[in-house]
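Each chain, written out:
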Amino acid sequence: METPLAGVNRTLLMPLWGRAKATRAGSRILSDPAAVAVVERLDLDLRDLDRTLHPSNELFTIARARALDDIARGFLSRHAAATVINLGAGLDTAFHRVDDGRAAWFDVDLPAVIDLRQRLIPPTERTRRVAGSILEPGWVREVTPRPAAVLCLASGLLAYFRACHIRKLLAILAAAFPGGELAFDVQSPATNLFGNRRLRASGMGEARFRWGAFSAAAVRRLCPQLEILESFAIFAKLARDDFASERDWRMARSMDRMRAMWLVHARLPRQPGSSPGDDGAADHRHVVPRAEDALDQPMDPGSQRSGSRRTRFRSAPA
Ligand SMILES: C[S@@+](CC[C@H](N)C(=O)[O-])C[C@H]1O[C@@H](n2cnc3c(N)ncnc32)[C@H](O)[C@@H]1O
């Protein structure tokens, strides 16, 4: 099948391949048979990615999908009439992994990707595709009827944006879905630095990681009204037995110590300019950052040195 993917669009192949490969290998972290089916229909030889991507890439991909899936399942179990919006959905088959038989689901991505999605992933009664840039407010009009309980997911997306773009996106989401929830992954500046070398080697064109951070404080600086419900290192909720080998387990622990990738689960302000309320937040924990927050800054490839420093975090009740 012809795949008109270039640059940032093409980056969707990396997580897709990671999910499919792990599923074929019988991973205990993630099972995604729909991703395997998409790879087979895609008819592209993705094995080249194994040569250019770091072995940790697949681990990050499946741990991130697992963490976001768990957040989505929890949200769906708390809300009878939930809407999930998968931002920068790529060829993600999260709907097939977490669907509870009731949710309304929207996959939003750039037009070339939505076109490809249309050809590769059969539609269902409760899934809708929205073509457009999430950085332009127009797409939110297609999320109808106006949802009562919204969860926005952004998997492997925000790192490609500059801080100003993320601010814009958060403002669009806050205006459209006040009080809704949002979950996304964040990479450290060091992950971005090493990742950019791999992106170049993997033929991802102009796509570059641009924004990285170590702590929830950096996210709050982008949108002070955002209520951080929970934030945790990407492998923190997995057990030794989840990993296929001792090597993977050690790699995951070392990545978590460096805060290489972490997850944020947050609530959008209820009204523009207001503070989110506290209902539902009591169960959550978040990470209290220490003085190293000063390291958080948008990524400037080529001039970034701070990534080699270690940052420690402690958890505290929200
Ligand atoms: C690394 S891929 C992640 C795909 C998917 N979330 C996953 O985890 O498999 C990044 C995705 O973000 C999409 N994207 C990048 N910029 C975008 C924008 N401004 N609006 C909508 N989608 C965008 C790309 O087309 C691509 O599908």
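One can find the structure itself at the top, above this paragraph.
In this text the structure is predicted, and so the values were computed from the model without any measurement.

Looking only at helices and strands, the chain features 11 helices and 11 strands. Burial statistics for the chain: of 318 residues in total, 46% are counted as buried. Contacts in the chain between residues at least 24 apart in sequence constitute 75% of all its contacts with a sequence separation of at least 6.

So, on to the site of the ligand. In the vicinity of the ligand lie 21 residues, with T11, P15, G88, G90 and S155 positioned nearest. Of all the secondary-structure elements, those providing two or more residues to the shell around the ligand are helix 1 (7-10), helix 2 (13-24) and strand 2 (104-109). Looking at side-chain class alone, the shell around the ligand contains 12 nonpolar, seven polar and two charged residues.

This part is about the nonpolar core. Counting 72 residues, the largest nonpolar core has C152 and L153 as its most contacted members. Among the elements that make up this core, the one with the highest residue count is helix 5 (residues 56-78) (10 residues). Beyond its immediate sequence surroundings of up to four residues, L153 is in contact with L68, A72, V84, N86, L87, A94 and A183. M14, A34, V39 and L42 belong to the second-largest nonpolar core, a separate cluster that totals 17 residues.

With that settled, consider the sheet that holds strand 4 (residues 149-154). As summarised here, the arrangement of the seven strands in space is 3-2-1-4-5-8-7, forming an open sheet in which the pairing is mixed. This sheet does not close on itself; its edge strands, each paired only once, are strand 3 (127-131) and strand 7 (227-233). Adjacent strand axes in the sheet meet at a mean angle of 20°, parallel and antiparallel pairs treated alike. For strand 1 (residues 82-87) and strand 4, the ladder comprises six bridges, and the chain directions are parallel.

Analysis parameters
Residues numbered from 1 in each chain as written. Predicted model: local features only at pLDDT ≥ 70, side-chain atom pairs only at ≥ 80, totals over all residues. Helix = DSSP H or I, 4+ residues; strand = E, 2+ residues; numbered from the N terminus. Buried ≥ 20, exposed ≤ 12 C-beta atoms within 10 Å, placed from the backbone. Contact = placed C-beta atoms within 7 Å. Near = placed C-beta within 6 Å. Nonpolar A, V, L, I, M, F, W, Y, C, P; charged D, E, K, R; others polar. Core = buried A, V, L, I, M, F, W, Y, C linked by C-beta atoms within 7 Å. Pairing = 2+ DSSP bridges. Axes fitted to C-alpha atoms, helices over the stretch in contact; angles between N-to-C directions.

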